[in-house]
Structures are given as structure tokens and as C-alpha cells.
Amino acid sequence: MPPPAAPIATTGSRRAVYLLLAALAAAPFLLLLFFNGGASPSALCRSAPAPRRIPYPSVLWSHVPPLPGLPSSPLPDLRASHWVVFSASPHHQRHRPLAAAPGWQLLAVADEATPPGWSHPGAALLTLADQARLGFRSVEFLPARGHARKAAAYLFAVQRGARVVYDADARNAVAGNNLTRHFDVDLDQRQGGGSVLLQYSHADPNRTVVNPYVHFGQPSVWPRGLPLDKAGEVGAEEFYTEVYGGGQFIQQGLCNGLPDVDAVFYLTRKSLEMEAFDVHFDADAPKVALPQGVMAPVNSLNTMFHAPAFWGLALPVSVSPMASDVIRGYWAQRILWEIGGQLVVYPPTVHRTDNVHAHPFDDEKDIHVNVGRLINFLMEWRSTKPTLFERILDLSYAMAEEGFWWEKDLHFMAAWLQDLVAVGYRQPRLMSLEIDRPRAAIGHGDKQEFVPKKLPSVHLGVEEIGEVSTEIGNLIKWRKHFGDVVLIVHCTGPVDRTALEWRLLYGRIFRAVVILSEQGNSDLAVESSNFAHAYKYLPKVFDRFAGAEGFVFLQDYMVLNYWNLLDADKSKLWITNKVPTLLLVYENYELSSITIF
């Protein structure tokens, strides 16, 4: 999803703040709250250009020339039906537990950060030069760095006979080094045997997303990509239903040790900076399927794709790497319903060691800002296109129009689909949507009970107890609202005892806490700034945190009741003293009057 346009150009926003600070310099004030992400440019400026409509790609599917593997292509003799694809990351050079398994071909894909001479035991490597020689249209859209470059490896595997692709992380230590034991690899055989899967109930038509970690014994942990307002739903299912297997074309495995969690969870659960997570899920809990109309986050760390879902391997190229696989997962789940497939979540299949390195909150902003809206959009989306690939392109276009990703992703998806056609991939046939048909009533005999275990977990460095859940729910709400906001505290007195207290009080809520004082203290990371000239120093803080959503400025004799600001309007400047309406002028645009309250 593309980042939203700033309401005012960044320098203009800061200039507006400087004007406001100058206007208020003679009056005492306690707090100033300024957000970058308020109203849209068209709401603030007198005139704005009309949005450009994205042209719909024209693809002649019957005229896509074949692209068989040529003798001159990289690794010409490499063929397999079962592939493990992962990024040739420059990190974790010494600790690479992902190992070759009998019957599986490991394939790593390089980016510009991959060091020369990189190797992994048992793995073939597609270098950047190799990727350029493959002849795939989609390669030209791939970023120089990041997991999205795995698209070249996915296509390479499909071209070389893949029936199953395991999307993996190099840190995965597969339990028993046996993927076949943990996932359903041979769907055709299992379908013939009439296997039955436990499935979430569709009784509640308003429930569109679930946290599968609850089912596997960790109700207080949530996966990256779950809307944060759903993280507080920790109760066990009242009942499940059952469904025949064979359509689990996307299979999401769980990770022990460091599960796939977001920065909000990671940064708010650490009691010590160097403390590693070691979370465990219930290995005996049954795998669970999701019916049409219900989704869950899907990642690129521990996920099995079967041939009918190979089109869903493509990772968006214009969003942040930490959001790319989440957006892909929701997009793919929606298309999966068009062919009668479903997502199934599996018990822990791998162990990942926590390297005690959290991703910045900015890297996941595309998720937290838009994932709820994306899910609602996907639930409502429909297409009448006659073939699967045409519907995929239709949805990709609609997502670009709605701003969930950029126009570049639309053209990348068009190229990706043509590459699949070129390497001989056959589109699965369409099926009617179950969510468009009246749902049968769930009788007593159709209800299946399963009571999840409640395994030990950690909240803010203390063992979980019943009373903690409310506090964690509050913390999630506060962090969701202020997690990309920078707090600036100006201290009037000595800071040798108070600096640490301010950081402990606010550090888990805000993105960063910057402490200013008349007397700087490098040992305590306190910066020198005269309060009367704060308007001169604040631009330096703004530049340092250029990607922040907003800034809060207060003096140390005030305690901020941040819990009372959750419903406040972020499109306004806030101070504690009432002042008249101001007119602010920025370059050639006269802004509409902004009420300061």
C-alpha cells in the first residue's frame, strides 16, 4: 500500500508549526501536539489537481509466447517437484538452521545486499545476474533489495517442475527436518482418503478475521498483520465445524521461539533490551481451516503453496518489506475463494531464534494504517471476468485504485501472470463463491468442540495472570494510536533523576522520547535546548524523525493523560490554552482556517 500523501508538504508543515510557535512565544503553554497525517491536500488547499485514473493493463493472454527453460539459462539441469525458496540474506551468516531435506530442493535468491561468495549448505543460488538472464517480464519490476526478489525464484521453480513451493526463512529449524510430516504435501492422495479438517465457524457473519494463535494456546500473542483492534479477542471458539480436506492450497505453519509478530508486540513485550523471545505453541492442537468470509494473516516465513495457488506467491514490490507478505496473504486468500480453495493453519512446524532486533514501526505502517480497510474491501470485492487470471488482474487494479499498493504493483502483477503463462502454468478453473450463497444453519450435530490449552506467555516481562489481559488491551490501544508519534519533553529542572522516569513512563507508548533541557547530559541522552528558543531546536528533531506521524511537545511539570486523547482529531494542532482561529499561509496556498484548541 502506498504511503498516504502528506496533508501539507513536510517543510510547509514545519513552517506552519514555527509560525504557530512564534505567535505563542509570548504566552505560556504546556503542550503542543502536531500531526503530519491529518486532512488531505484537497481539504487544505484552495485548489488541487484531480486524481489521475490508472489505465487498465491490456493483456492478450492467448498471445503470450512460451518461455521454456533454455540450455543457456542458469542451473540448466536443476529440476524438482518440491522446492524450498528463501532469501540469500547477508544476516545470520553463522546461524542457518534451514537444512536440505530428502526430496526437497533448496533455492536461494540474491539481492544487491547479498555478499560475494554467499553460500548455504545444499542450496542453489540465483544471483542477480542469473535473474536477469531468465527472461521473465516481472524481474524488471523487482526492487534491488528485499524478499520481493523471490518472485524470480518462484517462477524458476515453476518452470522446473514445481508442484509444491515452501516459502521459508533461513532461520527456520524444521522440526525433525521433515516438512512432509508437518504439512499436507500430497493433497490428491489425502483428498481421496476423505480427510476431514476442523474449521472455524461461519455462524457470525460479521467476523471477517481471526487470530489463529488463540487456537494454538497463545491468546495474548497476535500475528503480524492482524488488525490491532482484534488483538484483544482472546476467547476460545464456542464451537468449530468440519470440512473435507484437499483444498488447502495455502498452508500457514506457526513458528516456535520467535513467532511472526509485529513491532507493536515486540517492542511492548520486552522487559530487557537483550532478552530473547521463546514462545511455544501447542503442537498437539489440530490444524484448522478458514471458511470463505474469514481471513487470517499469512507470511512468507513458513508457508506452503500448492500448484493451484502458485499465482499467489508474488510479493508486492512497492510497499515496505514487512508489509509485503501480509498484503499478499490477504489478496491471495480472497482469490483463493474463486477456485474453491482455502487457507489452513498448522501447528508449529519450525523454531526460529530471536536475534533481539525489532523492526522499526515505520516498516509496518502500511499494515497498521490500512489492513482493516483492506480486509473490508476484499470482503466486498466481486468480479465477473471469465478466467482466474483476469480476475486476479481485476483485483490488482482495484487495489491500486484504492491505494492499497501502487500502480507499479498493478503492472508487476500483469507481468507476473504473463510469466506464469509463459512457463506453462495452467490456470485453475473458477468455482462459485460460497459467501454469495445462503449459508446452511449449523445444527447441534455439526458443532465440534476443541478447548485450546493456555500455554505460558509473557506480558511486559512478567508471567501472564488473568488480570493482565485488560492492561495489555489498553497498551495495545495506546500503542496503536501513538506508536508512530514522537514525544518531546522539555525539562526545567535537573534531569539526573527524572530522565529515566520519563522514558519509563512514556517509552512503551510513543515511538521515541526526546528529552530537552537547559543543561544537556550526554550520558542520559538529554539534549541541550533553551525553552524560549525551542522553535529553533524543534526542526532538528523533526528532521531526525522525518517519517513520524506527529510530535507531542510538553514540559516536565505536566503529566500527559494520553488515554484521554484516543478519540481526538489528528487533523488539528492542539495546545492547552484557547487561542483565536489562525490563518496560516504556506507558499502559494492559503490554508483554510485551523482551529487551535
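Small disclaimer: the values here were computed from a predicted structure and weren't measured. (Residues numbered from 1 in each chain as written. Predicted model: local features only at pLDDT ≥ 70, side-chain atom pairs only at ≥ 80, totals over all residues. Heavy atoms only, no water.)

Q: How would you explain unusual backbone geometry if you had to name every residue and give the values?
A: Even without being a glycine, L75 presents a positive backbone phi close to 50°. Inspection of the secondary structure assignment puts L75 in the loop between α2 (41-44) and β2 (82-87). Classification of L75 by relative accessible area gives partly exposed; the value is 31%. (Helix = DSSP H or I, 4+ residues; strand = E, 2+ residues; numbered from the N terminus. Buried < 20%, exposed > 50% of the residue type's maximum accessible area, 1.4 Å probe, protein only.)

Q: How would you summarise the side chain of R160 if you had to cite specific residues and measurements?
A: The topology assignment puts R160 in the loop between α4 (150-159) and β5 (164-168). Of the buried charged residues, R160 lacks a salt bridge, with D77 as the closest side chain of opposite charge at 7.3 Å. Residues in contact with R160, not counting those within four places in the same chain, are S73, P74, L75, P76, L78, R79, A80 and W83. (Lys, Arg positive; Asp, Glu negative; His and termini not counted. Salt bridge = Lys/Arg side-chain N within 4 Å of Asp/Glu carboxyl O. Contact = heavy atoms within 4.5 Å.)

Q: Any chance you could break down the side chain of S324 for me, citing the residues and the numbers?
A: In this fold, S324 is placed in helix α9 (residues 321-336). Of the residues examined, S324 reaches a relative accessible area of 5% and is grouped as buried. In this structure the side chain of S324 is engaged in a polar contact, spanning 2.9 Å, whose partner is the backbone oxygen of P316. Among all residues touching S324, those that are not within four sequence positions of it are L315, P316 and V319. (Polar contact = N/O pair within 3.5 Å; in protein donor to acceptor, adjacent residues only side chain to side chain.)

Q: I'd love a proper account of the nonpolar core, names of residues and values included.
A: Counting residues in hydrophobic clusters, the biggest one holds 111 residues, and the most contacted among them are W311, M399 and W416. The dominant element in this core, judged by the number of residues it contributes, is helix α11 (residues 388-401), at nine residues. (Core = buried A, V, L, I, M, F, W, Y, C linked by side-chain atoms within 4.5 Å.)

Q: So what's going on with the packing of aromatic side chains? Residues and values would help.
A: Aromatic rings in a pair are described by how distant their centres are and how their planes are angled relative to each other. Evaluation of the coordinates by the stated rule reveals 20 aromatic pairs. When the ring of F377 is compared with that of F404, the centres are 5.3 Å apart and the planes differ by 40°; the resulting orientation is tilted. Here the residue F377 occupies a position in helix α10 (residues 365-380), and F404 occupies one in the loop between α11 and α12 (407-422), the gap between them amounting to 27 residues. Ring centres of F542 and F551 lie 4.4 Å apart, and the angle between their planes is 55°; on these two criteria the pair is classed as tilted. Here F551 falls in the buried class, since its relative accessible area comes to 5%. Three or more aromatic residues joined by ring pairs form one cluster here, namely W61, F310, F389 and Y425. (Phe/Tyr/Trp six-rings, centres within 6.5 Å; stacked < 30°, edge-to-face > 60°.)

Q: Can you explain the pairing of strand β7 (residues 196-200)? Please cite residues and give values.
A: β7 sits mainly inside the fold: four of its five residues count as buried. Bridge count between β7 and strand β8 (residues 240-244): five bridges; the pairing is antiparallel. Bridge pairing links V196 to Y244 in β8. Across two bridges, the pairing between β7 and strand β10 (residues 288-289) is parallel. Counted as the bridge partner of L198 is V288 from β10. (Pairing = 2+ DSSP bridges.)

Q: Kindly report on the pattern of salt bridges, identifying the contributing residues and their values.
A: Inspection of every chain in the model, using the stated rule, returns 21 salt bridges. Among the ionic pairs, E112 bridges to R145, the shortest N-O distance being 3.2 Å. Placement of E112 in the loop between β3 (105-109) and β4 (123-126) and of R145 in the loop between α3 (128-133) and α4 is noted, with a sequence separation of 33 residues between them. For R352, the salt bridge goes to D169, with nearest N and O atoms at 3.6 Å. Of this pair, R352 sits in strand β12 (residues 343-352) while D169 sits in the loop between β5 and β6 (173-174); the two residues are 183 residues apart in sequence, bridging distant segments of the chain. On the basis of relative accessible area, D169 is assigned to the buried category, the value being 14%. Residues participating in the shared-partner salt-bridge network are K150, D167 and R328.

Q: Go over the environment of A162 with me, naming the residues and quoting the values.
A: Note on placement: A162 falls in the loop between α4 and β5. A162 gets classed as buried once you look at its relative accessible area, which sits at 11%. Residues A162 and Q105, 57 residues apart in the sequence, show an inter-C-alpha distance of 9.9 Å. Those residues in contact with A162 that lie beyond four places of it in its chain are A80, S81, W83, A157 and F310.

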